[in-house]
Amino acid sequence: MSAATGTEQLPGGVVHDLPADLGDALRSSPAALAAWQDITPLARNEWICWIESAKKPETRTKRINWGRENLEAGKRRPCCWPGCAHRERNGSATAGPARG
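Residues numbered from 1 in each chain as written. Predicted model: local features only at pLDDT ≥ 70, side-chain atom pairs only at ≥ 80, totals over all residues. Heavy atoms only, no water.

1. Regarding the overall build of the chain
Definition in use: Numbered from the N terminus, helices here are DSSP runs of H or I no shorter than four residues, and strands are runs of E no shorter than two. For every residue, the accessible area obtained with a 1.4 Å probe (protein chains only) is divided by the maximum for its type, and the residue is called buried under 20%, exposed over 50%, and partly exposed between those limits. What sets the accessible areas is the Shrake-Rupley method with a 1.4 Å probe; for residues, cover comes only from the shown protein chains.
The helix and strand inventory of the chain stands at 4 helices and 0 strands. In sequence order, the secondary structure elements of the chain are arranged as α-α-α-α. When burial is assessed residue by residue, the chain has 37% of its 100 residues classed as buried. Of the roughly 5,800 Å² that the chain leaves accessible, carbon and sulfur atoms contribute 53%.

Structural data, given as structure tokens:
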């Protein structure tokens, strides 16, 4: 399967699944897609949780675009964010529903 056609299954994080809109943004950029596939599951989890923590749709869109641009530039995690509250320090999911 090819990332260019959008049919490749992309990995999510350790707690969060990859949202469709973020997957579409990654598939639109070969550099961002390569970075996404190279970073750790914990790093992917941080990007996903940061994007999903947006309260407004326009903030979510800005975060997806900013994230894609920063992955293209080689950034491995979102900046200035305390981290995913849905996982323990060891990377496992905390109690309660966080997947999805």
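There is more to say, and it comes next.
2. A look at the pattern of salt bridges
In plain terms, the rule: A pairing counts as a salt bridge when a side-chain nitrogen of Lys or Arg comes within 4 Å of a carboxyl oxygen of Asp or Glu.
This structure, assessed with the given rule, holds 3 salt bridges. Across the pair Arg60 and Asp21 runs a salt bridge whose closest N-O atoms are separated by 2.7 Å. In this pair, Arg60 is assigned in helix H4 (residues 57–72) and Asp21 in helix H1 (residues 20–27), connecting sequence segments 39 residues apart. Residue Arg60 is classed as partly exposed on the basis of its relative accessible area, which comes to 21%. For Asp21, a relative accessible area of 31% corresponds to the partly exposed category. Notably, a salt bridge pairs Arg76 with Asp38, separated by 3.0 Å at the nearest N-O pair.

3. Topic: the state of the cysteines
What we call a disulfide is simply a covalent bond connecting the sulfur atoms of a pair of cysteines. The line we're drawing: When two cysteine sulfur atoms lie within 2.5 Å, the pair is treated as a disulfide.
According to the stated counting rule, one finds 0 disulfides in the structure shown. Left without a disulfide partner, Cys49 is nearest to the cysteine sulfur of Cys84, which lies 3.4 Å away. Residue classification places Cys49 among the buried positions, given a relative accessible area of 4%.

4. Points about the packing of aromatic side chains
Cut-off, in case you're wondering: What counts as a ring pair is set by centres within 6.5 Å for rings of Phe, Tyr and Trp (its six-membered ring), and what kind of pair is set by the plane angle: stacked under 30 degrees, edge-to-face over 60, tilted for all other angles.
Under the defined criterion, the tally for this structure stands at 3 aromatic pairs. A centroid spacing of 5.9 Å and a plane angle of 75° characterise the contact between Trp47 and Trp50, whose relative ring orientation is edge-to-face. With Trp47 and Trp50 both in helix H3 (residues 41–52), this residue pair falls 3 residues apart, about one helical turn. Of the two residues, Trp47 and Trp50, both sit in the buried class. Where Trp47 meets Trp66, the ring centres are 6.2 Å apart and the plane angle is 45°; that geometry is what we call tilted. Linking Trp47 in helix H3 with Trp66 in helix H4, this pair joins segments that are 19 residues apart in sequence. Overall, Trp47 belongs to the buried group, its relative accessible area being 1%. We classify Trp66 as partly exposed; its relative accessible area is 33%. Joined through ring pairs, the aromatic side chains of Trp47, Trp50 and Trp66 make up one cluster.

5. A few points about the side chain of Glu46
Threshold: N or O atoms within 3.5 Å of each other form a polar contact, as long as, within protein, one can give a hydrogen and the other can take it, and as long as residues adjacent in sequence are counted only when both atoms are side-chain atoms.
Of note, Glu46 is situated in helix H3. A polar atom in the side chain of Glu46 sits 3.0 Å from the backbone nitrogen of Cys84.

Remember that the coordinates give geometry; whether it matters functionally is a separate question.
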